Amino acid sequence: MKAFEAGSTNARARPLNIRGPHKRLSRRLAFITLMPVTLGIFLLAFFAERRAHSLLESELGRRLALSAVSIASQILPEQVNTLLDGDEHSRTFANVRHRLLEGRNRFGLRRVLVVAPDLAALGDSLGRLTLGAKAHEITPDEPEIRAALAGAPTASVLFTGRDQLPYKRAYAAVGDPAVGLVMVEGNATYYEPLVHFRRWLFVWGAFLLLFLVLAVVVIGQRIVGPIGRLALAADRIGGGELSAPIEIETKDEIGVLAERFEQMRQALAVRDERMQMMLAGIAHEVRNPLGGLQLYVGLLREGLEGQNERLTEVASLERELTYLNAVVNEFLDYARRPVLALEDLQVRDLLLDVAAAAGAAQGVVNIDVDPNLQVKADAGQLRRALLNLLRNALQVAPQGPVVLAASQAPHGTIIEVRDAGPGVPAQLQEKIFAPFFTTRQKGTGLGLAFAREIVAEHKGSLTLHTAPEGGACFRITL
């Protein structure tokens, strides 16, 4: 497109991506808050469970050692010395086994075993080992056995039985000097409190994490929510919407930032109002002498009737005055920015009206629209925006074809003004919406600016694309 008018880049026409940063900030806040807390809870639970396990194991070893000492004290050294192979039915063996069973039941043990110093079985509460059989299963506890034979009751390390449950053994000497050993094996029920403790840690840890998540969500909303609303307010201000005040929600640093934003909005509103008044005043002061000049040029034409050469000069004056008057009107329209009066419009009727107002020759402008398509908009303002776009298209493609098309899309109503001209050079596509930028010899550079302002006030967008006809396509999405 070789000749066109430019306009202002409006923030509402290209909305800022507020949701993306807002969500990222929320996720980041949740991450930096919950990750260390979750790790802390996990480590606390882990070390607490390990500590409880260690204490319980130590307590179990102490209790087992005391149990072993108590049972060993009930067995006489003479009984141990007199038991030989084949004495399973003797009264001595029955007495020893009775002591073992009595001790097992009294202390809640899994097993009680009495052996000679060479680990030959002398009695087994479970009856697994016969009299004189070697107790090979306790040989891994050799250090504890030697300590017990030396007179120091001791407990073994924790081990896992065939039933995959944890067990612990303790040893105590029979007699002094030792003529045998009593081995007691702790029952797995000793570790039931640890299981309950683990379950308690899990339940309360989960409850604490849930509470923290809710707290982070609430706190995050109080922090990120006002920031997101400030970002939206900045977007509105950037789009020229200066009437809505910014609410100061908090008294912290975010509240101070909101207060500064509100002061900025008020200052911009005052400056914008002054600029509009200045533009309107300049246009008004220029319009009065222009009216007088047009009157005098009309009188001059009447006075020079019949003098064709002089009338040509008068016609040139009239053209220049007409152009100046159009410039003044554009400045006035751009400065006034009237409040929108939204109503349901028949898009086809609107496009027909715009085509007629542009004064295009028959067949130059083609209209492609569903007769029943409607849009909610300000009829006068939207007509003015479309008229500016259509006049630009007719200037670059006066013989056509120029297409006015409209359709309903999932994200809104689309209205396009397409031409078959040379299109907009790539290096100028970012500039055409800049205020007062134009490639015409005579142009204010406000045509596209005004069009985009109007579309933005309708909460829509005006964008540039390549038309199927080969030229430019200005697309309005409402």
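Bear in mind the structure is a predicted one, so any value in this text is a computation, not a measurement.

Rules used in this analysis
- Residues numbered from 1 in each chain as written.
- Predicted model: local features only at pLDDT ≥ 70, side-chain atom pairs only at ≥ 80, totals over all residues.
- Heavy atoms only, no water.
- Pairing = 2+ DSSP bridges.
- Helix = DSSP H or I, 4+ residues; strand = E, 2+ residues; numbered from the N terminus.
- Axes fitted to C-alpha atoms, helices over the stretch in contact; angles between N-to-C directions.
- Parallel < 35°, antiparallel > 145°, perpendicular 65-115°, else oblique.
- Left-handed = near helix turned anticlockwise from the far one by under 90°.
- Contact = heavy atoms within 4.5 Å.
- Nonpolar A, V, L, I, M, F, W, Y, C, P; charged D, E, K, R; others polar.
- Buried < 20%, exposed > 50% of the residue type's maximum accessible area, 1.4 Å probe, protein only.
- Patch = residues over 30% accessible without salt bridge, like charges linked within 9 Å, V, L, I, M, F, W, Y side chains within 5 Å.
- Areas by Shrake-Rupley, 256 points an atom, 1.4 Å probe, with all protein chains shown as cover.
- Salt bridge = Lys/Arg side-chain N within 4 Å of Asp/Glu carboxyl O.
- Phe/Tyr/Trp six-rings, centres within 6.5 Å; stacked < 30°, edge-to-face > 60°.
- Lys NZ or Arg CZ within 6 Å of the ring centre and 35° of its normal.

A closer look at the sheet that holds strand β1 (residues 111–115)
Strand order across the open sheet formed by 5 strands is β2-β1-β7-β6-β3, with antiparallel pairing between neighbours. Edge positions in the open sheet fall to β2 (121–124) and β3 (154–155), since each of these has one partner strand only. Relative to strand β7 (residues 180–185), β1 runs antiparallel, the two being bridged by 5 bridges. Along β7, the bridge assignment pairs R111 with E185.

Thoughts on the packing of helix α8 (residues 347–358) against helix α9 (residues 379–396)
It is the contact of α8 with α9, at a shortest axis distance of 9 Å, that shows an interaxial angle of 50 degrees. Taken as axis vectors, α8 and α9 run oblique relative to one another. As for the relative orientation of α8 and α9, their crossing is right-handed in sense. For the pair α8 and α9, the contacting residues are L350, L351, D353, V354, A355, A357 and A358 in the first and A379, L382, R383, L386, L387, L390, R391 and L394 in the second. Its residues assigned to classes, the contact of α8 with α9 shows 12 nonpolar, no polar and 3 charged.

Observations concerning the sheet that holds strand β12 (residues 412–418)
Spatially, β9-β11-β12-β14-β13 is the arrangement adopted by the 5 strands of the open sheet, whose pairing is mixed. Edge positions in the sheet fall to β9 (365–368) and β13 (461–466), since each has one partner strand and no second. Ignoring strand direction, the axes of neighbouring strands in this sheet form an average angle of 20 degrees. In the sheet, strand β11 (residues 402–409) pairs with β12 via 7 bridges, with the strands oriented antiparallel. Considered in β12, the bridge of V403 is made with R418. Contacting β9, β11, β12, β13 and β14 (472–477), α9 crosses the sheet at an angle of about 30 degrees to β12. On the sheet, helix α10 (residues 447–457) packs against β13 and β14 and is oriented at approximately 125 degrees with respect to β13.

Here we look at the environment of E249
Within the fold, E249 resides in the loop between α5 (192–238) and α6 (253–303). The exposure class of E249 is partly exposed, given its relative accessible area of 35%. Separated by 23 residues in the primary sequence, E249 and P226 place their C-alpha atoms 7.1 Å from one another. Aside from chain neighbours lying at most four places away, what touches E249 is P226 and R229.

Describing the pairing of β12
If a strand is regular, its side chains alternate between the two faces of the sheet. Among the 7 residues of β12, 7 are classified as buried, and the element is accordingly described as predominantly covered. Hairpin connection of β11 to β12: 2 residues between the antiparallel strands. Alignment of β12 against β14, held across 5 bridges, turns out to be antiparallel. Residue pairing in the sheet places R418 in a bridge with C473 of β14.

With respect to the environment of I432
Within the secondary structure layout, I432 lies in the loop between β12 and α10. Each C-alpha atom, one on I432 and one on L448, is 7.6 Å from the other, the two residues being 16 residues apart in sequence.

Details of unusual backbone geometry
The omega torsion of the bond from D176 to P177 falls at 10 degrees, within 30 degrees of zero and hence cis. Inspection of the secondary structure puts P177 in the loop between β6 (169–174) and β7. Even without being glycine, K459 reaches a positive phi, approximately 65 degrees.

Quick notes on a nonpolar patch on the surface
The grouping of L39, F42, L43, F46 and F47 at the surface amounts to a nonpolar patch, some 520 Å² of accessible area in total. Looking at the element boundaries, L39 is found in helix α1 (residues 19–73). Judged by relative accessible area, which is 48%, L39 ranks as partly exposed.

Thoughts on the pairing of β14
Counted residue by residue, β14 has 5 buried out of 6 residues, so it is predominantly covered. With 6 bridges connecting them, β13 and β14 associate as antiparallel partners. Among the inter-strand pairings, T463 is bridged to a residue of β14, identified as R475. Where β13 hands over to β14, the hairpin turn is made up of 5 residues, of which G470 adopts a positive phi near 105 degrees.

Some thoughts on the packing of aromatic side chains
Under the criterion given, the structure shown has 2 aromatic pairs. Each ring, one from W204 and one from F207, has its centre 5.6 Å from the other, and the planes form 80 degrees; the classification is edge-to-face. Of this pair, W204 and F207 both sit in helix α5, 3 residues apart, which is roughly one turn of the helix. The exposure class assigned to F207 is exposed, which follows from its relative accessible area of 52%. Its guanidinium or amino end placed over the ring of Y167, R110 lies 4.3 Å from that ring's centre, counting from NZ or CZ.

A few points about the packing of α9 against α10
Running from N to C, α9 and α10 point in directions that differ by 145 degrees, and their axes come no closer than 9 Å. In terms of crossing hand, the pair formed by α9 and α10 is left-handed. Contacts between α9 and α10 pair Q381, L382, R384, A385, N388, L389 and N392 from the former with G447, L448, F450, A451 and I454 from the latter. For the contact of α9 with α10, a count of residues per class yields 7 nonpolar, 4 polar and 1 charged.

Examining the side chain of E416
Locating E416 in the fold gives a position in strand β12. Not counting chain neighbours up to four residues away, the residues in contact with E416 comprise V403, L404, A405, C473, F474 and R475.

Some thoughts on the environment of A409
Mapping A409 onto the fold places it in strand β11. On the basis of relative accessible area, A409 is assigned to the buried category, the value being 13%.

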